[in-house]
Amino acid sequence: MSENADSMQNRHFLLRRLHSLSGIVPVGVFLIVHLVTNSTIAWGGLNSRVDQEGFGWFDRSIATFQHEVSFINNMPLLLLIEITLWSAIGFHSILGVYYAMSGKGNTGSYKYGGNLRYALQRTTGYFGIFFIFYHVATLRWGWTWLVPGGVEWSHEHASSTFAAALQGSTDGFTAVGFLVACFYFLGVSALVFHFANGLWSAAITWGITVSRPAQKRWGIMCAGLGAGLMFLAWVSVIGFATLDYDQAREVEDQLLGESIHMNVDDAHDAVTLTGHDDIDG
Amino acid sequence: MSEAEAYSYDADMRKANRKQAVEGRSVIFKIKRCDGPGKSTRWESFKIPIETGANVISSLNWIAANPVTVEGTKTTPVVWDSSCLEEVCGACTMVINGRVRQSCSCLIDEYAPKDGDVMTLEPMSKFPVIRDLWVDRQRLFSNLTRVKGWVPIDGTYNMGAGPKESHEQQQMRYALSECMSCGCCLEACPQFTKEEDESQWDSSFVGAHAISQARYFNEHETGKQLKDERMDALSGAGGINDCGNAQNCVKVCPKGIPLTESIGAIGRSATMHAIKQFFQGKK
Amino acid sequence: MADQKRVIVVGGGLAGLAASIRVAEAGMAVDLFSMVPVKRSHSVCAQGGINACNDVARQQGYSEYQHFDETLIGGDFLNDQHPVLEMTNWAPKIIDLLDRMGVPFNRSNEGFRDLRLFGGSLFKRTHFAGATTGQQLLYALDEQTRRFAAEGKVNMKEFWEFLWPIIEGEGEDARCVGIVAQDMRTMQIQSFRADAVIMATGGCGLVFGKSTNSVICTGGAASRCYQAGAWYGNAEMIQVHPTAIPGADKCRLMSESARGEGGRVWVPAKKGDTRKPKDIPENERYYILEERYPKYGNLVPRDIATREIFDVCVNEGMGINGTNQVYLDLTHMDPDYLTEKLGGILDIYEKFVGDDPRFTPMRIFPAVHYSMGGLWTTYTAGDYQPDAPISGFKPGDAIPVGTEPGQGMEVGAHNNAMTNITGLYAFGEVNFAYHGATRLGANALLSCIFDGLCNGVSVVNYVREAGHTPAAEIDQSVFDAAVKQEQDKHDNLLKSTSNGTGDRKLNPYQIAFELGEEMNSASTVVKTGSGLEKCLSKLEELKDRYSKVELGDGAMWTNQSLSFTRSVGDMIIIGEAIAKAGLLREESRGSHYRTDFPERDDDKFWKASVAKFNASSGKSDVEFVDVKAGLVKLRPRDYGKTESSAGAKKEPVGAS
């Protein structure tokens with residue numbers, strides 16, 4: 001075999017495996033973090049560290065979410081992290097589309113569960129790319145002309161502006177806004193499925209699960225993980241889609257202006273403080 | 001009944017059909033015909049009296065002796081590939097009621113139990129048609145060469161017994177060795193697509209059949225000697241990584257070969273092979 | 001450098017592949033012709049196993065020599081003795097070779113090759129890979145052939161049909177220098193030159209209509225050689241397998257290994273008992289073979305088992321519910337054990353019949369299975385030349401001959417397995433030499449591979465040493481004439497399409513059907529002189545109708561009807577040789593059972609029948625020539641039917 005063919009072969013292998021890997025690290029890991037963060041809009045009320053007087057469950061959720069967003073926005077080299085993520089998603093997407101085009105679904109004749117998942121993996125991939133692009137373009141890159149109602153997302157008003165973007169206006173649902181919310185619902189569902197199923201599939205690709213029982217057991221675990229993430233994804237979308245803009249705005253303003261008191265043992269703050277201490281000391 | 005229910009359900013349905021098969025019935029066979037490469041395809045229907053134990057082969061035999069369509073038009077006997085008729089040679093594979101299987105083991109009672117029921121026969125879609133139901137599966141054998149599907153013995157002269165093998169290992173290898181190269185796994189695979197250009201075969205998806213055979217030879221003491229070469233072939237374009245894990249292969253395999261386990265095992269070998277190559281710095 | 005000379009192998013079953021490998025290994029170019037991808041050859045259907053003496057049996061008193069002796073008595077002494085001795089001596093080495101090729105032979109707990117009991121022996125001497133041994137062996141050889149093909153040493157010609165051997169010269173000088181073959185897809189007819197041609201084309205089951213054979217086993221290729229002047233030996237010796245599953249398109253084999261692993265053949269003891277088999281208590285069952293042959297029981301040779309089952313059903317009317325079927329019962333065995341040892345064939349039964357044989361007794365009946373007869377071949381005897389034939393060899397007796405190669409046949413002699421036509425060889429089932437009047441179970445795979453490995457050397461030596469003009473230098477006109485002959489036959493058949501009288505009697509499928517019916521009823525399990533005479537006149541009628549046959553398909557591309565119709569004509573001719581030799585053999589021997597001559601007649605018929613095609617009359621002339629014996633003395637073949645069963649144990653006493 002010629003050198004050239006060898007290197008072609010190695011490149012093919014490397015790309016294929018990097019495609020598989022990139023879906024898990026960093027994209028999949030980011031997806032988990034992102035969903036956990038965003039879903040605080042639904043369960044952030046549990047956060048007892050937000051002990052602002054007069055805050056109800058939803059206020060605490062909004063505050064928690066805002067706090068998480070602020071934390072992320074204050075991360076050092078955020079842009080680098082973002083670019084890494086975008087490249088990984090881009091890499092995974094472009095190769096994924098190329099690979100997916102090489103197959104030809106046949107669920108019409110062979111309606112086996114595995115085959116349906118295979119077809120869904122590809123459909124959710126295509127759809128997911130479209131969704132992620134919309135999501136990032138409208139909320140991160142500020143392409144407000146794509147947002148019904150034209151609201152621009154602001155990290156200082158994370159909940160309210162996102163809710164407005166989902167609902168189509170700052171005054172609750174518009175018809176188009178409802179479609180956007182549905183689009184989000186489908187988008188996150190697709191990505192969660194894509195990730196969970198991809199995780200199952202990757203274990204075979206890498207040769208981690210070989211025997212049928214192993215594949216089945218790992219499948220159950222992936223399904224469990226998928227169900228958990230799906231739950232987080234759904235409550236996030238529902239949480240923001242039903243969020244009251246004015247209420248969120250109020251909480252966020254309070255956070256900005258009066259600086260809500262957080263418990264001193266708050267991990268994020270502690271890190272920042274320690275850092276300063278070191279420099280000073 | 002939709003023919004695309006889950007496999008086990010399908011088996012139950014066939015069993016139930018067999019019990020209620022009507023004696024002395026006639027069944028309509030809709031057959032996709034084509035006079036040769038590049039020729040147009042057409043459907044022809046035949047009404048065939050069903051005798052006890054009839055299968056697709058006996059029905060095609062009946063047509064061969066009475067080549068007249070339901071419309072009463074005289075036509076030519078249907079051309080199809082067959083050999084053993086015991087579901088062990090793999091020749092008579094075709095697409096029956098939308099799904100691939102051997103036609104010899106396809107009993108009419110299981111698919112068309114009532115008078116006037118319709119059965120459709122089509123050639124496999126992933127291989128070029130030679131004529132009617134007969135397709136050219138040369139690519140399938142070519143893929144065996146691609147993965148060096150043999151044990152590299154020194155020669156045929158007497159050199160004593162082969163390597164000793166445990167009972168468990170033999171049972172494992174035997175399960176893989178029953179593959180008759182029929183191509184069902186390839187026909188049902190969404191990643192394996194038709195490729196008529198022979199020069200593309202070595203870079204197109206190799207399919208479960210050859211992957212499983214590669215594993216079969218990797219598992220033999222002497223066969224192992226070619227493992228690196230097999231893994232080279234399977235790591236490249238069209239190799240193991242092109243599998244999309246739809247797992248139709250294992251569902252349609254008439255011999256119940258654990259094809260998806262072979263895919264996992266070869267995936268593992270490919271991973272190890274790559275790590276080994278990376279650290280040995282050979283390439 | 002490789003030879004310029006070439007060898008053509010026709011047929012890609014075990015014999016053809018073994019020959020290809022051996023010849024290619026010797027550095028000679030091979031063109032391998034097969035009607036199907038070689039992996040789909042009929043050898044794939046063999047189930048039970050392959051016989052060879054082995055260390056365990058050896059310590060119990062078994063030997064290669066006894067394997068030899070068993071094969072002869074199984075064949076009722078009609079076998080050529082020297083090739084059989086050579087074959088059984090080679091057998092253990094052949095197993096070793098297959099083992100090295102990676103055949104997944106079943107293993108004992110300790111990792112040694114497992115063994116099973118088979119018909120005609122009291123020793124476990126059958127090696128097996130599940131219940132698909134033929135498949136496994138074929139694949140192993142297929143893989144080795146693929147390796148040679150990948151190296152360019154074997155040129156695969158798959159989907160090519162052999163039409164005619166090209167013979168140059170007349171009489172004694174006649175020599176095979178190539179073949180005419182047709183691409184079954186493009187229909188192109190072409191000649192191919194070769195310095196030797198090996199026919200490894202298998203049997204002729206389709207002559208009998210429904211048989212256990214594959215649809216390609218028409219015997220057409222052998223018949224064409226026969227019509228070209230090759231002699232056909234022991235045509236009348238057709239093995240009817242006792243246990244097959246009757247079906248609409250064919251009879252599917254139910255391996256002898258089902259009995260080897262403990263299967264019992266029975267019918268309800270009370271005629272017309274309609275109870276389900278499970279409801280019939282043990283004492284109301286008639287275990288046909290165990291009661292009639294207490295020593296060998298269910299493992300008597302096939303011809304005997306077949307005749308007894310036939311007798312119980314046809315003569316005594318005791319078949320299940322009055323049908324021609326008996327039970328083959330495995331339900332007393334452990335289902336898991338059965339799955340491991342016989343899974344392949346039990347699944348086949350379940351797929352085709354619908355009952356699980358692990359829990360419901362199988363319903364079976366005999367069906368045509370194997371042709372002991374085939375192209376007549378010769379050989380050069382080896383070193384072992386006893387002063388007088390050995391008589392009555394028993395386990396534990398001193399073994400009169402060693403096992404080194406060359407005792408039975410002179411290995412590499414030019415004429416081993418050569419037909420009467422120089423340079424035309426016959427290997428495997430189409431070679432008549434090994435199995436006499438009945439083949440023992442699990443000897444077929446052995447004889448096929450043995451022919452390829454042992455006699456492949458003879459072919460190489462012949463091509464290198466015989467000093468003939470190389471085929472490449474022979475005048476083109478010889479080849480053109482043969483192509484023209486076949487092209488004319490082909491064109492005439494094509495032309496017949498347009499006749500279109502629609503007369504059913506001239507339909508090739510109808511003619512083939514009637515041929516099968518007639519041959520099956522007159523010339524299989526039980527034959528009579530009058531039946532065979534009637535059969536011969538029926539064949540005359542069929543031949544006449546065939547001369548006016550009307551083809552249903554005039555296509556110039558992939559015309560299967562044409563190929564089939566052409567072989568129908570050849571099948572009638574082989575059928576005639578079979579019936580005629582059967583009519584003239586006025587005795588009963590092995591598979592050949594004449595009710596009008598029920599005894600073996602050694603004085604008149606310890607002879608091989610040799611059929612020669614008379615080109616002017618278009619008929620077979622049959623003569624009888626002495627069997628090539630001299631190693632073992634004739635003795636009666638009774639398998640303990642008359643002997644007392646006392647003292648005959650299944651497991652012989654160990655060597656200690």
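Residues numbered from 1 in each chain as written. Chains lettered and ligands numbered in written order. Predicted model: local features only at pLDDT ≥ 70, side-chain atom pairs only at ≥ 80, totals over all residues. Heavy atoms only, no water.

## Some points on the overall build of chain B
For step 1, the next point in the chain: Of the regular secondary structure elements, chain B holds 10 helices and 7 strands.
For step 2, the next point in the chain: Here the C-alpha coordinates of chain B stretch approximately 70 × 45 × 40 Å along the principal axes.
For step 3, the next point in the chain: Each of the 283 residues in chain B was classed as buried or not, and the buried ones make up 65%.
For step 4, the next point in the chain: Residue pairs at least 24 apart in sequence account for 67% of intrachain contacts in chain B once pairs closer than 6 positions are excluded.
For step 5, the next point in the chain: When the accessible surface of chain B is summed, it comes to about 10400 Å², and 50% of that surface belongs to carbon and sulfur atoms. (Helix = DSSP H or I, 4+ residues; strand = E, 2+ residues; numbered from the N terminus. Buried < 20%, exposed > 50% of the residue type's maximum accessible area, 1.4 Å probe, protein only. Contact = heavy atoms within 4.5 Å. Areas by Shrake-Rupley, 256 points an atom, 1.4 Å probe, with all protein chains shown as cover.)

## Brief notes about the pairing of strand β21 (residues 619-626) of chain C
Residues and elements named next belong to chain C.
For step 1, the next point in the chain: Sheet topology places strand β20 (residues 607-614) next to β21; 8 bridges connect them, and they run antiparallel. The residue of β21 that forms the bridge with K612 is D621.
For step 2, the next point in the chain: A loop of 4 residues connects β20 with β21, the two strands running antiparallel in sequence, and G618 in this loop sits at a positive phi of about 75°. (Pairing = 2+ DSSP bridges.)

## Quick look at the interface of chain A and chain B
One frequently used descriptor of interface size is the decrease in accessible area upon assembly of the parts.
For step 1, the next point in the chain: Every contact between the two is made by 35 residues of chain A and, on the other side, 42 residues of chain B.
For step 2, the next point in the chain: Where chain A touches chain B, the interface holds 2 salt bridges.
For step 3, the next point in the chain: Where R212 of chain A meets E261 of chain B, a salt bridge forms, and the shortest distance between an N and an O atom there is 3.8 Å.
For step 4, the next point in the chain: Summed over the shared surface of chain A and chain B, the number is 24 residue pairs in polar contact (both at pLDDT 80 or more).
For step 5, the next point in the chain: Of all the secondary structure elements, the ones that give two or more residues to the side of chain A that touches chain B are α1 (3-24), α6 (113-139), α8 (175-205) and α9 (212-241) of chain A.
For step 6, the next point in the chain: The element best represented in the side of chain A that touches chain B is α1 of chain A, accounting for 7 residues.
For step 7, the next point in the chain: Residues belonging to the side of chain A that touches chain B are distributed by class as follows: 11 nonpolar, 17 polar and 7 charged. (Salt bridge = Lys/Arg side-chain N within 4 Å of Asp/Glu carboxyl O. Polar contact = N/O pair within 3.5 Å; in protein donor to acceptor, adjacent residues only side chain to side chain. Nonpolar A, V, L, I, M, F, W, Y, C, P; charged D, E, K, R; others polar.)

## Topic: the sheet that holds strand β8 (residues 175-183) of chain C
Residues and elements named next belong to chain C.
For step 1, the next point in the chain: In space, the 3 strands of this open sheet follow the order β7-β8-β9, with antiparallel pairing throughout. Strands with a single pairing partner mark the edges of an open sheet, and in this sheet they are β7 (160-168) and β9 (189-193). Each neighbouring strand pair of the sheet contributes to a mean axis angle of 30°, computed without reference to strand direction.
For step 2, the next point in the chain: Strand direction decides the pairing type here: β7 and β8, joined by 8 bridges, are antiparallel. Each bridged residue has a counterpart across the sheet, and for W160 the counterpart in β8 is D183.
For step 3, the next point in the chain: Against the sheet, helix α12 (residues 476-495) makes contact with β7, β8 and β9, and its axis sits at roughly 150° relative to β9, the strand it touches most. (Axes fitted to C-alpha atoms, helices over the stretch in contact; angles between N-to-C directions.)

## Some thoughts on the pattern of salt bridges
For step 1, the next point in the chain: Applying the stated criterion across every chain yields a total of 75 salt bridges over all chains.
For step 2, the next point in the chain: Close ionic contact of R33 of chain B with D132 of chain B constitutes a salt bridge, the shortest N to O distance being 2.8 Å. Separated by 99 residues along the polypeptide, R33 of chain B in strand β1 (residues 26-34) and D132 of chain B in the loop between β6 (129-131) and β7 (134-135) bring together distant segments of the chain. Here R33 of chain B and D132 of chain B have matching classes, each one buried.
For step 3, the next point in the chain: Between E256 of chain C and R259 of chain C there is a salt bridge, and its shortest N-O distance comes to 3.8 Å.

## Section: the arrangement of the chains
For step 1, the next point in the chain: Of all 2 pairs of chains sharing an interface, the pair with the highest contact count is chains B and C.
For step 2, the next point in the chain: Chain A shows no contact with chain C. Their nearest C-alpha atoms sit 15 Å apart.

## Some remarks on the nonpolar core
For step 1, the next point in the chain: With 262 residues, the main nonpolar core has L98, M199 and I449 of chain C as its most contacted residues.
For step 2, the next point in the chain: For M199 of chain C, the contacting residues outside a window of four places in its chain are V10, F162, A221, C225, L375, L424, Y425, A426, F427 and V430 of chain C.
For step 3, the next point in the chain: V56, W80 and M94 of chain B together with F352 of chain C belong to the second-largest nonpolar core, a separate cluster that totals 28 residues. (Core = buried A, V, L, I, M, F, W, Y, C linked by side-chain atoms within 4.5 Å.)

## A word on the sheet that holds strand β6 (residues 154-158) of chain C
Residue and element names in this part refer to chain C.
For step 1, the next point in the chain: Strand order in the open sheet made by the 5 strands is β6-β2-β1-β10-β19, with parallel pairing throughout. In this open sheet, the two edge strands, each paired with only one partner strand, are β6 and β19 (424-426). The mean inter-strand angle of the sheet, taken between neighbouring strand axes irrespective of direction, is 20°.
For step 2, the next point in the chain: Each of β1 (6-10), β2 (29-34), β6 and β10 (196-199) touches helix α1 (residues 14-25); the most contacted strand, β2, lies at about 165° to it.

## Considerations on a negative patch on the surface
For step 1, the next point in the chain: On the surface, D171, D244, D246, E250 and D253 of chain A cluster together into a negatively charged patch.
For step 2, the next point in the chain: Considering the arrangement of structural elements, one finds D246 of chain A in helix α10 (residues 245-257). (Patch = residues over 30% accessible without salt bridge, like charges linked within 9 Å, V, L, I, M, F, W, Y side chains within 5 Å. Lys, Arg positive; Asp, Glu negative; His and termini not counted. Charge placed at Lys NZ, Arg CZ, Asp CG, Glu CD.)

## Describing the packing of aromatic side chains
For step 1, the next point in the chain: All chains considered together, the criterion is met by 41 aromatic pairs over all chains.
For step 2, the next point in the chain: Ring geometry for F33 of chain C versus F192 of chain C: centroids 4.8 Å apart, planes at 70°, classification edge-to-face. Note that F33 of chain C is positioned in strand β2 and F192 of chain C in strand β9, a separation of 159 residues in sequence. Side by side, F33 of chain C and F192 of chain C carry an identical accessibility label, which is buried.
For step 3, the next point in the chain: Ring pairing ties together the aromatic residues F65, F127, F130, F131, Y134, F162, F183, Y184 and F240 of chain A, which thus form one cluster. (Phe/Tyr/Trp six-rings, centres within 6.5 Å; stacked < 30°, edge-to-face > 60°.)

## What to know about unusual backbone geometry
For step 1, the next point in the chain: A cis geometry characterises the amide bond from V25 of chain A onward to P26 of chain A, with omega recorded as 5°.
For step 2, the next point in the chain: Here P26 of chain A is to be found in the loop between α1 and α2 (27-38).
For step 3, the next point in the chain: At K148 of chain B, a position not held by glycine, the phi torsion is positive, near 50°.
For step 4, the next point in the chain: By the secondary structure assignment, K148 of chain B is in the loop between α4 (138-146) and α5 (167-177).
For step 5, the next point in the chain: Despite not being glycine, M187 of chain C shows a phi value in the positive range, around 70°.

## With respect to the domain arrangement of chain B
Residues and elements named next belong to chain B.
For step 1, the next point in the chain: Segmentation of chain B into domains returns domain 1 (7-134) and domain 2 (137-280).
For step 2, the next point in the chain: Each of domain 1 and domain 2 was reduced to a C-alpha centroid, and the two centroids are 31 Å apart.
For step 3, the next point in the chain: Each partner contributes residues to the interface: domain 1 has 17 residues there, and domain 2 has 19 residues.
For step 4, the next point in the chain: Together domain 1 and domain 2 conceal approximately 1600 Å² of surface at their shared face, both sides included; 58% is due to carbon and sulfur atoms. (Domains from an automatic or database assignment. Buried area = accessible area lost by both parts, 1.4 Å probe.)

## Notes on the side chain of D80 of chain C
For step 1, the next point in the chain: Considering the arrangement of structural elements, one finds D80 of chain C in the loop between α3 (64-74) and α4 (81-101).
For step 2, the next point in the chain: Once residues within four sequence positions are removed from consideration, D80 of chain C is found in contact with T377, Y379, F432, A433 and K628 of chain C.

## Here's the deal with the packing of helix α7 (residues 158-167) of chain A against α8 of chain A
All names here are of chain A.
For step 1, the next point in the chain: Between α7 and α8, the shortest axis-to-axis distance is 6 Å and the interhelical angle comes to 105°. Between α7 and α8, the angle falls in the class roughly perpendicular. Contacts between α7 and α8 pair F162, A165, L166 and Q167 from the former with G177, F178, V180, A181 and Y184 from the latter.
For step 2, the next point in the chain: Partitioned by chemical class, the residues of the contact of α7 with α8 number 7 nonpolar, 2 polar and no charged. (Parallel < 35°, antiparallel > 145°, perpendicular 65-115°, else oblique.)

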